[in-house]
Each structure stands twice: as structure tokens, then as C-alpha cells.
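Structure assessment
Each chain is listed here by its residues.
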Amino acid sequence: MQIKKALITAAGADQRKLAMQTLVDRDGNRKTVLEILIDEVRQAGIEEIAVIIHAGDRDVYKGLISMDQQIHFIEQDQPLGYGHAILCGLPFTGKDYFLHLVGDHLYVNKSDIPCAKHLVEIASQNNCSVSAVTPTRENLIPNYGTVGGKRVPRTKDLYVIDKVIEKPTPTLAEQKLIVPGLRTGHYLCFFGMHVLSPGLMQILKQNLEKSDGRKIGLSEALNQLATKEQYLALEKNDWRFDTGSRYGLLKAQLALALSGSDRDQVMAELLEFFVMKNMNSIGR
Amino acid sequence: MSTLINIICSSDPSIKNRSLDEFCNQASLGELLTATRELELYRKEETNLYNRVRALFFLYAIHRFYIPVKGKIGTEGIIPFEAYEHILNRRFEEAITLFLTVQDSKGANEGISSGLADAYHQLAFQTLADQVKLSVRSTAGNKWMFRVGHPLDQPLKINSALLRHDEQTGIYPCLHETTPVRMDLSHSGWSDIFFLGMDYPEGAKVLNISVNLCIRNPLKNTEPKPPIETWFRIIDEPVIRLTSIDLATSSDITSLPEVFDFAKDYLGLLKAALIASGIVPPGMEGAGLPLSALLDNMVGQGKGIEISSKVNNIPKGSRLAVSTNLLASLISLCMRATCQTEKLTGILNEEERRLVAAKAILGEWLAGSGGGWQDSGGVWPGMKLIKGVEAAVGDPEYGISKGRLLPQHTILDTDTVNQLTRKKLQDSLVMVHGGMAQDVGPVLEMVTEKYLLRSKNEWQARNNAIAYFEEVVQKLKNGDIKGIGDFTHKNFEGPIQDIIPWASNLYTETLINRITEEFKDKFWGFWMMGGMSGGGMGFIFDPAYKQKAQDRLQQLMSETKKKFEHAIPFAMEPVVYDFSINENGTIADLGTGLNALMPMEYYTLLLPGILKKDLLSLTECQRLELGIIGQAYKLDDQYSGFVNNLFDRMIPQERESNNRQKPLNKLLEELGFNPDQHEKIKKELKSGRIGLSKNRLPISTTIEDVSTSEISGQEVLEDQRLIDLGLNSLRNRELAIVSLAGGVGSRWTKGAGVVKSLNPFVKMDGRHRNFVEIHLAKTEKANLSYSTKLQHVFTTSYLTNPAISTFLDGTNGRPQKPEIHISEGKVIGLRLIPTERDLRFLWEEIPHQVLDEQSQKIQQSLHAALINWAKGAGEGEDYRDNLPEQCIHPVGHWYEIPNLILNGTLRKMIKDNPNLKHLLVHNIDTLGASADPALLGYHIDQQKSMTVEVITRKLDDRGGGLAKINGQMRLVEGLALPDDKIEFNLSYYNTNTFWINIDKLLASFGLTRDELSDIQKVESGVFKVASRMPTYVIIKDVKKRWGKGQEDVYPVTQFEKLWGDMTSLPELPCAYINVSRMRGQQLKDVAQLDGWSRDGSKEYIEGICDWD
């Protein structure tokens, strides 16, 4: 199986501006968040990318992104939820597996293998949907989609997912989402990056039909997917930054800068800042 | 493998279910001791929890019931104080090791066996409780809460719907939960005790129904409603406000430690719900961080949480699991508010209900209350079968216990039990609260113990109860309500009482008998609800007679209560309920805008406090809400009468306290209370000249034990010369019996203020009997056996005289006999509020049994609250805030003998029977004290003024004993011993049974029998001796009843002189004799009854009584 398509969502009311924010990437180049994500996707061997955007945002994006033939913008015409945003990409993904990233997250890998590339390789090898997950302390899980399941025998970082719950309380997580082998009080939470099968689109479609105009989510659909197909989780210990959170953009920028070519310069400037600040505080 | 270990380990039910009795009855002392050694080794190595516990119960039972009666066992023996201290501090293993070392070196004896029995018993229950605790903590959904230790780690957030102000009114919405209570239709032998369900899941099953209730009022058309209501809302103050509307208490919590202070006020259950639901997770106990940090994180800066509860008109002791369902309701409410349920409102799903139940068990453990696993049944809708479930892989109990902590609930739908049957059940059942509110804790311990010992009759009874359960379920499915009544009745008369005879009582049986007589075949059966009868009960009738039966039961209960209220502890006036089956279980709705107001009683309770505040200091929400209330009471029917109620709340308290004081002052006057003497004592207490620590003899006092050779033993009972001497004296009517019945027996009813001597506590010869009846039956037997006619005196006090006089006056079907006398006590004292110094001495200096970790915390919190109460109410001031009878006290049994002289009773007795020479004086609860010819012969032969009966000490025998004080042999009170260790060096315990030579006693008062009519001389003689007797300051518990069956227990100070100190008078020489335990045993606590009835003591007493 080859995965050649990627779908990035940036349509949410809170999300739409984040993908347009400008940062300096690891190589010292100014880029928007979306461009950095496109770089990540390209490294995974993806050839075609669709970005789901808020209705009316097309022109803004066209002005910001250096366009080529492989990037498509699809407007989400109605705010019917995250699941619906992905479903808007159905004409683009068709019957193919696709890589999916959220437009307000940035990823900084600790190892040499970019996260998306690793994920695509695993999905290709196993011929199934795979979500990147990261072990998360229980006090944070009410912020994320969380999965339950079991480790795939003889692997270190792969799990078979049997349950997905969006933003569970620890009470619920403890009952449904315990994963053997994880540290006490830790759960596998979504990293914001998935390889998804065409089966998911069918589930989303059905969910939308039954929704009576209510918003539909992705986690509920992934939970259904786990009962219908093999669905794996890949444990990643890389950094993921939610640019929409408090200081999220700043943290993402620092992580990029401190893991890139300008590391020494940024470190030196930060150090100088701290020293000056401390000296001022002691009256010198 | 030994027989007993084989029984424990076997998987074959025919072996596993064999009783301990079977082996022990046949075994010799040597075989029993060998068996205990083997069991001791086995239980230390056994990994299976329940096998270990069963071995512990076997060891307890062998030491408690079998070794002491095996003949050759030593009766003397000192209990090592160190081992006692280990027990007090819950170091049971260390205590056992020490006791066994003594047993190995000195041989088995009664004292050591009593210590071992106690240590094994407590260790067994501790092991079981630890396992339940572990299971509760390990339940998925509860575990995370123990890991959250910092407010910033709190993962729960408030549901956003609760955080949105209403646009029109500006106030926050209010989440409102209503919850039914549960009734148990089957009562299958208390099988919902956690320990039973976890060891014997196949035998743990109940049929449980959620019900709405209201107290029946024939004049009003009242509709049964879910009796529990709870509310949750956001407030604009950074506090947690907790309010119990029915208990009229509210508190603003501002710090984390306050949340964990359960006994500080009446809000313990609300605090437990906050913790068990995860709002303040248990892991935060002791975190030392401000509560505002937690609230900022969860609710938002400057905001707080308000939780309120209300139980509508169900008195305590209803046996309907009100407190567990209230806790469950609060937990469900808090879980909804913090997004732990799928939906904010409506009914819960099955998983959520199970989680609420698990958290309610956690909450009960935290708050120190207890219940069975069916008790949160009100969370589920309608009728359900609840059954124990075997633990499977993945359960925290798997590999530890056979069953799971949480049972399986199967809701019986209308296909299984149709609507007609449900209606028929409602039309047939009369539910009542009989008015008694008793602690069922001891009953549950007895059930567990009997289950694990598998005594033949009780095990058979349990199997019968299980069979009855299946029948009841089948009858319900068939719609046969009459058949259900038949089985619940048979269950009560059979298995329930076979397992625990104390589950029934004279009150309940009187009601059943009267109803059976009056309604004949229209009465279909009695139904015991919960742990024991007397409180919540059911009577099933032909539906055509239900209304008549409701009317009649109300009358009958009130009449019967009136008849027995001096003898049986009633907490309230009996009531009849109306009920309906609740088909929702717990359910919630969200009120917004004008519908977000709290009920009227809430405002009646809180407004007086708010109105005292400056308007500017009120929060914006409070101001808005006050404005809305100001309109609502004019327009909304729900709030009609609000202003009147508000005034009633603000003003009547003074009126009430004035009303109380009038009868107390009048009573004091009538009873000859001496205010000058009282003021003197108060002054001394306040100044610290007297107090608990000052009761003690000087530290320089030499206190030595008395050896076996220094006193007489039971060999005298076989001395024919002494027997003949006694028989001769009896025939000559030289003896009279004096039963000391002046005290109310505060330990017996935990300070309830009923007359212990009239408490019908045991069935003998087919009827419930009280202490007075048993003593009279013994005298009757002596009269018949020894051809005599003994005079029998009951000494009374102001508290006991009216009830005992009525009981003996011949109007109750009991013939009035001229030989029975009542000697009325005339001296009373007024109780005082204790000093902090004395309370601290009692609770912190004197060794006490340390409780289980959580219970200990609660006890410490309660002690702190009571010390604050004493300081606030005025240390050393008069205790007046209770019923008048609860404020005054008898001044010790010393006065009961001189009263015989002072009030002319002795003079009359001598006039009636000039042969009278001796008195046998005993406590009302020393049932074995009888006119034994050998002991009387011994007393006469010794020619001393007094012969004192003592027994060898067992672990529970606390309170002094026989000692040589500075070389003089005498009785010494425990209160007077300078060091607690000393008591454990004394081999003999005082039974408080005395044979008194009347003339010699009179001589010590400076009197002769001819001078008994000289009142002045008598008074002067008594006064002189009284002034030489020490006065002890003691602290007793007294119950204060309030609300609907609520009871608080307060410590109060009182003063007593005790008869045993007469043995210190040099002019009153005494002889001492060691008698058997069956003769000398005193019954101080109802928890002793089961052991007393099983160890042969009851049989012994029946043997010395004549009931004809």
C-alpha cells in the first residue's frame, strides 16, 4: 500500500488563523505554520495535499502559500464539526488511504525520522489506519482524544486500538482506556497525526446522515473504525505543540529554534536576556 | 493436615461448610491447644485472604468459647499490660505473640485466652476491612483520585452549562437531582455484607426496590416523592458552600483540611461526596494548599461551588439506606457537574450507576459510616435482583477473594414483574417506622462471625434464607403477594432469628401478635427491613384492609411505644409511610432563570445569616437572588408562608430553651437538689482541685496483687458444712436480696436514658425478659428450692423509680407481692459541661482502643469538635441543654445502700421479717448473683461485716479490682489507680456482689436496728460515713435527640460515690471469695449478648430461674 495523499484541517473557528501564523523553521527560514506542516508531509513521501479551510478563507491562503499543483484548498461550507471537516476531503481522498494532520499543531521530532514519515511507513507495512499517540498524564487527558488497547506482540511502540474516547475524564479512562505496560496514571492520547483508511470516510458519512444537523467528531468515528477494521496506534515521543494553547506558538517557535541550525545563536540570546533580567532585579 | 485446617482449605462444600463446634465439642483441652498452635502457624503462611480470616475466627472462637470451659484450664493469670497496649494500638500480631509466649511459659488460662480471643477477633475484622478498602481504592474510576495530590493536577472541569449565567436573571443555573431510597424485599440473611459477598458470592442475593415515600397523613392528600433531593450550582465566592437543609446546617469551606474534617459538623456526607466524586480528590488530604487554587483551576477565578441536600421526612433508622442513597445522590450530582457522566441531566446509564455505587462505598468508608452492597439500590430504577459475582481475570479482587466487591444488578422489567403485580404490592404493603433507631454495626459483625464459623444451626438457617429468596422472587414473578408475605414472615421467624436472635425484640413481636390477633387471615405477613427490627418494618395485608391496617398500626405503635418507652430505646414517635415504586432511579434536571432557585427551606435556613450582613458585602449573585426571592414569595405558591417560617426560624430558639429549663428547675426542686453543695463542686471542678486526674490515689501508694492463697476459692461451694449453714439461714428467712437498679445503664443504650433494668433483652422460657424479671425468677427458684420466702429489694433513683414502680405495682399482669420492695433514691446531682482538661485526660491520657485509620481520624475530629463545644458552652457550667431527665444524674451506687436505711425500707423489711440478718447486694446486670447456700454459709462462717465476690480477670474486665493498698486488702476502683498498668497486675476483678451482715453494717454507721426509726441519728450516721468516702469525677455519654430521629452524644461530667470503697473502712472487715465467671459476669454492653448466649452463661442463668 502506498500513501500519497494528505489532508490538513484548518477550518475550525478557533483554528483558522493559526495555520497562517509565521514562524522561523529549523533551517532559519520564515514560514507559516501550514508551510511547516507541508514540509513535514512532503518528507513522508506525500504527493498531493488538501487543506480543509473555513468558508471564505481561500484567498487568504492563496496569498500566503507558495502554490504548486499538488496543494488543494477545500472550503468547509458549514461548521458541522471536526469529523465533517475531514469528510469534506472525501472527493480528494476518494478510495485512498491518506495522512491527516491538524493545522494548529506543530511537530518537532527528537530522532532523525520525521514523525509523519514514520507513521506513513508503519501504515504502509500494516495496511491499516494508524494514529500517532503519546503517553500523557491523566490530569491532561481531558484535553485530548484518548485510546485504549493492547500492545502488538513483539513490538515496542505499536498498539491495537480497541476504544477511542474524546477528552475523557480520568474516571472514564480508568475504566475503559487502560493500556497494559504504560506507567500508572498515563494514557495514550492522540498526537494530532493519523493515517486513515477510506473506511473512516464511510463512517463519517453515515454519522453525518444520522446527526440531524449536529456537529460530528472524529473520535467517535475512530472508535467505530476500531470495531470494523484493524486500527493501530504508533507511540511517538516527539514534541507536539498546540499552537492554539497559551504560549503555544512561542513554545513551538522555541522548540524549532533550539533544535535547528540557529540553536547556538538563540541560546546565547536567551541567556543574555536572563542574565540582564536578573542583574536588573538585583539593582545593577 | 489437621481437621480444622482441612475444613478451611477444602474445596468440597461438605467439608468446607463443617462447623467448628463439631470438632471442638469432642476435643480435649490438649487437642484444642494443639489445634490452635497448628492454626496459628497455618494462618501466618496462608496466602488466601479468606482462608486466613477463617483461621483467625476459628482461633478467636476456640479461645473465647471452648478453652475456658474445658475444665483443667487455670483460672488465675495476669494479662501482660504490654500485650493490652499492643491491642489498643492495633498491633494485633505483636499482642498475639506476647500472649502466646505467656501461654507457653505458664500454661493456658482464662485471662490469656480472653486476650488472644480479642486480638484474633480484631485482627480478623481488620484483615477483612483492609481488603474491602483495597478493593474500593482499586476499583477502576476511583484509583486516579488517590494519585491527584496537587490542585493543578485536578483533571476535572465543571460542565460549561453550569458556568453560564442566565441572561435575564443573572444567576447561575442549578443542577437538581432526586433519588429514591431502597427497600429490601428478601432479607436473605444479611447477605449484602461486603465480606459475605466477597467470600460467598453464590449465596449473596437480594431483591431490592427503589421507592418514593411520604409520611402518611390521613387528613392530607400527600403523594409519595423521591425522598432525597440534592442541588449543585456555581457561586461567585471562592468557597465550597455545603448545606444540609434537613439537618439545618450550612458551612463555607475555605481550606482543604476542612473538607477532610468529617465529624466537625453534620455535613460529613456532603464532604464525603465531594471527595469520592473527585472534586476534592482523596489524594489531596494533607496537601497543605489553599482551596482557592483548586477552585481557580476547576471553576474559574473568584468562583466556588455550592452543594445542598435535603432528606424529606425520613427519620433515622428507617432501614431504607437513606444515608447511602443520599451519598449516592450527591456523588451522582457532582459527577454530572464535572462531566463524568455522559449526560448532564436525566437518568444514568448502567455503567454510571455502578460507578456511583463504587464511589458511594468509597465515600462511606471515608466518612466512617457503613452499609451493605445493596444500599445504593435507589440509584437504579424500580425492582432489581442484586447478586454477588465471582471475581474474574481483570477484577481487582481476582486471586484474592472469590467474589467481587460490587455485585451485579439485574433490573426486573415489566415483562418479568408486570404492572399489576407492582400495583398489588403497593396496595398490600404497609411500611412503618417503629420509632427505634439502633446501631446495627454489632449485628453485622455477629453475622460475619457466624458465617465464617459455620455453626450448624446458623449455616442451616442461611441455606434456608437462600431458598426463601428464590421463593420470594418466584412469587413476585407470579404476582402472588400473599405468598410473598408468607415467606417474609417465615424468614423473620426462622432464618433471621436463628442467625441473630437479637434482630427481633419485644416491641416488634408485640406489634406482630396484636396485628395477627386483630386482622387474622387478612394479615399476610411481617417483613423485616434492614439490619434489625423496630425501625423500618413492613406489614403485608389483604389490599382491601390496607387503609384500616395503616390506621391501626399507627395507633398500635404509639400505644406500644408508650408502654415500653422506659425500657426500650425509642428515638422518635412511630410513623406510617405511604410509598410508591420509583421507576427512574436517580435522575437530574437543570433549572435556569427563575427555576434555578433553591427550595424555600434553604432560604429560611440561610437568610437570617445573610440579612445580618452589610448589603455591600454580599456578592452580586446573592443580591440578584435576594431580589428574585423578594418577588417569588409574593407570587409563587411554592414560597407561600416563607416570611412566617423565616420569623419562626429567627425567633423560636429562645422560647424552646426557656420551656426546657422550667421543668428542669422544677424537677431539681422536687428531688431535693442541694444547690449549695453543687456550687461548691462546680467551683472545685473549675479551679482544677477535682477532676479526672485527681480521682487517683497518690503515686506513693503501694498497690499489690492478692494471691490465690489469700482469698477463698470455689472449693467452698462443695463444703457440706457451709451448705447446711446457708440452707438453714435461708429457711429461717435470714437473707434478703438487694438489686441495685438506680443507674440507667448508659453503656447499654449508649446514653439513651431508658431504664436498663427493664430492657427486655433476652428470650427465656419463650418470652422476652428484662433484668428485673430474671432476678425475680431467681428469687422464686430459691424460694422453691430452699423452702423460704426471700424479701427482694430493688433500689431505684429518680430516673428509674417511676418505671420500675409501675412495672412492679401489679397493674401489668404481674402479682404485687409483699416481699418485693422498692427503695427509692433521694440524692441527685446536676450534670456539668466537662472541662477541656478532663476531656483531654480522658481521650489523650487514658489508654484507649485506637480505631481503624479512617475511623480514628473521624473520632479525633469529633473529639476536637466536642472540646470546642465544651469551651463554647462553658467548661464546668451546668449542663442544661437537653431533656430535664438527661441533665440530672444519680450519684453512684454507694448511696443505694444507705438509702435503704434513710428511706425506711430496711426498717419495714425487718418489721415484716425480724429474722432478717443478711443482705445479698448485687448490680442489676450481674445475672448470676443468686442466693447460693454455700456462699451464704461461707459468709456467715467468716463472721465478717461483708463478703465480697470477685472473679479472675479477663481482658475486658476494666475498672479496678481486689488489691492490697498499703498492705490492706480491699477493693480499688480503676479510677483511683495511679497508673493504668497497675490494673493489669491485679488478678481479681470486682463483681460488685456483696453479702452484708446487717447489724455489723449498721454498727459502722453508728446505728443498731432498734435505732432505724430515729431519722436524725440515721442521717447523721450516714453523713459521717459518706464524708469519708471518696467522690469520683467521671465523664459519661448522654444522648441528645433532635430533628427526625437524630441523636448526638455529648460527654458530661458527673460525680459518684461507689460502694466498693466501703471495703477500705477498718471497722468493716471483709472476706473475699473468688466465684465462677458465670456467677460474677456483668452484662454492660449489648454487644456482649451474643457471646454470653453462646458460652453457656445464658443456659446457666436459665438454670437458676423459675418462671412458673
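Scroll up a little and you will see the structure.
Everything numeric here is computed off the predicted structure, so don't read it as measured data. (Residues numbered from 1 in each chain as written. Chains lettered and ligands numbered in written order. Predicted model: local features only at pLDDT ≥ 70, side-chain atom pairs only at ≥ 80, totals over all residues.)

Comments concerning the overall build of chain A
Tallying secondary structure elements over chain A gives 10 helices and 13 strands in all. At 20 Å, chain A has a C-alpha radius of gyration in line with the 19 Å of a compact globule built from 284 residues. C-alpha atoms of chain A, sized along the principal axes, occupy 65 × 50 × 35 Å. In chain A, the share of contacts with a sequence separation of at least 24, taken over all contacts with a separation of at least 6, comes to 73%. (Helix = DSSP H or I, 4+ residues; strand = E, 2+ residues; numbered from the N terminus. Rg over C-alpha atoms; globule rule 2.2 N^0.38 Å. Contact = placed C-beta atoms within 7 Å.)

Examining the packing of helix α6 (residues 81-88) of chain B against helix α7 (residues 92-106) of chain B
All names here are of chain B. Across the interface, α6 lies against α7 with an axial gap of 7 Å and an inter-helix angle of 160 degrees. Between α6 and α7, the angle is such that the two are roughly antiparallel. For the pair α6 and α7, the crossing hand works out as left-handed. Residue-level inspection shows Glu 82, Ala 83, His 86 and Ile 87 of α6 in contact with α7, the latter providing Phe 92, Glu 94, Ala 95, Leu 98 and Phe 99. (Axes fitted to C-alpha atoms, helices over the stretch in contact; angles between N-to-C directions. Parallel < 35°, antiparallel > 145°, perpendicular 65-115°, else oblique. Left-handed = near helix turned anticlockwise from the far one by under 90°.)

Thoughts on the interface of chain B and chain A
Between chain B and chain A, the residue contacts involve 15 residues of the former and 11 residues of the latter. Residue composition of the side of chain B that touches chain A, grouped by class: 7 nonpolar, 4 polar and 4 charged. (Nonpolar A, V, L, I, M, F, W, Y, C, P; charged D, E, K, R; others polar.)

Description of the sheet that holds strand β5 (residues 240-244) of chain B
All names here are of chain B. What the 7 strands build is an open sheet, ordered β6-β5-β7-β4-β1-β15-β8; its pairing is mixed. What marks the edges here is a single partner per strand, and that holds for β6 (249-253) and β8 (346-347). Summarising the sheet, β5 and strand β7 (residues 304-311) pair through 5 bridges and their orientation is parallel. Bridged to Ile 240 within β7 is Ile 305. (Pairing = 2+ DSSP bridges.)

Considerations on the packing of helix α11 (residues 268-276) of chain B against helix α13 (residues 322-337) of chain B
All names here are of chain B. Interhelical geometry of α11 versus α13 gives an angle of 45 degrees and a closest axis separation of 9 Å. On the basis of the axis angle, α11 is oblique to α13. α13 is crossed by α11, and the crossing has right-handed handedness. For the pair formed by α11 and α13, the contact residues are Leu 269, Leu 270, Ala 272, Ala 273, Leu 274 and Ala 276 on the first element and Ser 323, Leu 326, Leu 327, Leu 330, Ile 331 and Cys 334 on the second. Of the residues in the contact of α11 with α13, the class split is 11 nonpolar, 1 polar and no charged.

Some details on the environment of Ile711(B)
All names here are of chain B. One can find Ile 711 in the loop between β16 (703-704) and α26 (720-731). With 17 C-beta atoms counted inside 10 Å, the residue Ile 711 sits in the partly exposed group. Separated by 363 residues in sequence, Ile 711 and Asn 1074 place their C-alpha atoms 7.1 Å apart. (Buried ≥ 20, exposed ≤ 12 C-beta atoms within 10 Å, placed from the backbone.)

Comments concerning the sheet that holds β16(B)
Within a sheet, adjacent strands bond to each other through the backbone by hydrogen bonds, running parallel or antiparallel. Taken in spatial order, the 3 strands make up an open sheet running β16-β26-β27 (chain B), and their pairing is antiparallel. Because the sheet does not close on itself, it has two edges, and the strands there are β16 and β27 (968-973) of chain B.

Details of the nonpolar core
Here is a general trend for soluble globular proteins: nonpolar side chains tend to be buried in one another's company. Among the nonpolar cores identified, the biggest contains 311 residues, and Tyr120(B), Ala273(B), Leu330(B), Ile331(B), Cys334(B) and Phe539(B) are the most heavily contacted of them. Tallying contributions element by element places helix α5 (residues 49-66) of chain B first for this core, with 12 residues. Setting aside residues no more than four positions away along its own chain, Phe539(B) makes contact with Val430(B), Ile515(B), Phe523(B), Phe526(B), Ala549(B) and Leu553(B). Among the nonpolar cores identified, the runner-up in size contains 82 residues, and Leu7(A), Val164(A), Leu249(A) and Ala257(A) belong to it. (Core = buried A, V, L, I, M, F, W, Y, C linked by C-beta atoms within 7 Å.)

These values are about where atoms sit, not about what they do.
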